[in-house]
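Structural overview
Here is how the chains run, residue by residue.
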Amino acid sequence: MAAEPAGPRRGTGGAAGEPVGGGGVFADLAGQETVVAQLRKAANAAARVLAGEPVTAGGMTHAWLFTGPPGSGRSVAARSFAAALLCPDGGCGFPPGGPGGGAPPGQPCAACRQVRAGSHADLMVVRPDGLSYGVKQTRDLVLRAAGAPSGGRWRVVLFEDADRCTEQAANALLKAIEEPAPRTVWLLCAPSAEDLVTTIRSRCRVVTLRVPSSAAVAAVLTSRDGIDPERALAAACAAQGHIGRARRLATDADARGRREQVLAVPTRVTSLGPALSAAAALVKTAEEEAKSVTGELDEPERDALRQAFGEGSTGKGVAKAVRGAAGALRDLEDRQKSRATRLKRDSLDRALLDLAGFYRDVLMIQAGAGIELANADHEAELRELASASIPEATLHRIEAIMRCRERLAASVAPLLAVEEMTLALLTG
């Protein structure tokens, strides 16, 4: 396909050389103005590359690393950038009947819509669902990523949670980033640059996102999801800048119920028995949440695998093929077990972060900081705990929660780690 001219773009309504994207696909990035400006500049440079113009310093590159705390929008930024690279209009985000468009109004831009849904032919989305991402998977990914883009623009690989790569997988990924295919762009996401090996992060351009303000998160929930502004702001404050968590709290009654159970822990741990009971309840809730998710996924996956090996069919060779499915089923069950463990850990980690946020509010009240409380809907309980203890004890409790998170990440038995934490909350 011939390179596209770097002329006026519908997304900006401007002339060649202006930053592409306008608001467009970057509209969902809450409070990340600096990042949006950087990505618009790169998308504009990418369009000039396709037009055969010289590459300018600080413009487009083949490997990007999106970093930032959980919920800051790493994957949203990466997906928005992918849309800007793959859309002929630079990630316009407008319906084709909008500014400068010639198609009927009401029909969304095909490329932007496909990127958003993850179905674009030149977009590969990698979302590890287990405890780690292995070398075999990575080698297969590298092989597929080396293909030429079908649309004539870019072949984009969006790798969420790239920090889950094993050491061998990271080495395989490094080879692809060191010797990239001409039109392949790697978009890696991780909490921080230090979570990836030095050799990979030194070859990537780092994009650092910050925690958005509660007002910015609430604005996104209101404009995009149609959530009542008051509820959106309350959810944004409770989520402490985590956009996905805020959306879940604003729309899911079960999520709000689980949060209420977690925030009841500080007032429950008054003696040894209640402390141990609270720990057991936290672990049980995490297990049930993980089970509800895996229950919807596991059996359909097993059925699909059996059908792929011919179970229920008749004919020559079917019996032999079905017998050969045993090994594949064991591999699938191992992956499902790893996914269940990851979901359980993630659920517990969310609960611990809610708990840490609660004690953070207690500390702010004790220090007289006068800043926005993440749990303003529990202000009475916060002030009661603040008056009943001292700041040093509150700090020790927060440290115990953070230590519990570290132990869970190190594969300590969840019940033992959480019991140690609730006992520390009891004693301060």
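Scroll up a little and you will see the structure.
Residues numbered from 1 in each chain as written. Predicted model: local features only at pLDDT ≥ 70, side-chain atom pairs only at ≥ 80, totals over all residues. Heavy atoms only, no water.

Check the secondary structure of the protein and you find 17 helices and five strands. By residue count, 44% of the 428 residues in the protein fall in the buried class. Taking the intrachain contacts of the protein between residues at least 6 apart in sequence as the baseline, contacts between residues at least 24 apart amount to 71%. Looking at the protein as shown, the accessible area adds up to about 20500 Å², and 54% of this sits on carbon and sulfur atoms. (Helix = DSSP H or I, 4+ residues; strand = E, 2+ residues; numbered from the N terminus. Buried < 20%, exposed > 50% of the residue type's maximum accessible area, 1.4 Å probe, protein only. Contact = heavy atoms within 4.5 Å. Areas by Shrake-Rupley, 256 points an atom, 1.4 Å probe, with all protein chains shown as cover.)

Now for the packing of helix α4 (residues 135–145) against helix α5 (residues 167–178). Following both chains from N to C, one finds α4 and α5 inclined at 15°, their axes separated by 8 Å at the closest point. It follows from the interaxial angle that α4 and α5 lie roughly parallel. As for the relative orientation of α4 and α5, their crossing is right-handed in sense. On α5, the residues touching Val-135, Thr-138, Arg-139 and Val-142 of α4 are Gln-168, Ala-169, Ala-172, Leu-173 and Ala-176. (Axes fitted to C-alpha atoms, helices over the stretch in contact; angles between N-to-C directions. Parallel < 35°, antiparallel > 145°, perpendicular 65-115°, else oblique. Left-handed = near helix turned anticlockwise from the far one by under 90°.)

The end-to-end C-alpha distance of α5 is 16 Å, a good match for the 16 Å that twelve residues give at a rise of 1.5 Å each. Residues of α5 that are buried: Ala-169, Ala-170, Ala-172, Leu-173, Leu-174, Ala-176 and Ile-177. (Expected span 1.5 Å × (residues − 1).)

Here the structure, examined in full by the defined rule, presents 25 salt bridges. When the shortest N-O distance is used, the salt bridge between Arg-302 and Glu-299 registers 2.8 Å. In this pair, Arg-302 and Glu-299 both sit in helix α12 (residues 272–308), three residues apart, roughly one turn of the helix. One salt bridge in this structure joins Arg-383 and Glu-379, with 3.0 Å as the shortest N-O distance. Placement of the pair is Arg-383 and Glu-379 together in helix α15 (residues 379–388), with a separation of four residues, close to one helical turn. Look at the salt bridges and you will find they share partners, linking Asp-129, Asp-298, Glu-301 and Arg-339 into a network. (Salt bridge = Lys/Arg side-chain N within 4 Å of Asp/Glu carboxyl O.)

Further remarks concern the packing of helix α2 (residues 74–86) against helix α3 (residues 110–117). Where α2 contacts α3, the axes come no closer than 9 Å and their chain directions differ by 150°. Considering their axes alone, α2 and α3 lie roughly antiparallel with respect to each other. As α2 packs across α3, the resulting crossing turns out to be right-handed. Where α2 abuts α3, its residues Arg-79, Ala-82, Ala-83 and Leu-86 lie against Ala-111, Val-115, Arg-116 and Ala-117.

Overall, the coordinates contain three aromatic pairs when judged by the stated rule. Ring plane angle 85° and centroid distance 6.0 Å describe the contact between Phe-358 and Tyr-359, whose orientation is recorded as edge-to-face. Under the relative-accessibility criterion, Phe-358 is labelled buried at 0%. A relative accessible area of 3% means that Tyr-359 is categorised as buried. (Phe/Tyr/Trp six-rings, centres within 6.5 Å; stacked < 30°, edge-to-face > 60°.)

A few words on a nonpolar patch on the surface. Nonpolar side chains collect at one region of the surface, where Leu-272, Leu-276 and Leu-423 lie side by side and expose about 230 Å² of accessible area between them. By the element assignment, Leu-272 lies in helix α12. Exposure remark for Leu-272: the relative accessible area of 52% places this residue in the exposed category. (Patch = residues over 30% accessible without salt bridge, like charges linked within 9 Å, V, L, I, M, F, W, Y side chains within 5 Å.)

This brings us to the nonpolar core. Within the largest apolar cluster, 37 residues are counted, with the highest numbers of intra-cluster contacts made by Leu-39, Trp-64, Phe-66, Phe-81 and Leu-187. Within the residue set of this core, elements represented by two or more residues are α1 (33–50), β1 (63–67), α2, α3, β3 (155–159) and β4 (184–190). When residues no more than four places from it in sequence are discounted, the contact partners of Trp-64 are Gln-38, Leu-39, Ala-42, Gly-59, Phe-81, Val-185, Trp-186, Leu-187, Leu-188, Cys-204, Arg-205 and Val-207. (Core = buried A, V, L, I, M, F, W, Y, C linked by side-chain atoms within 4.5 Å.)

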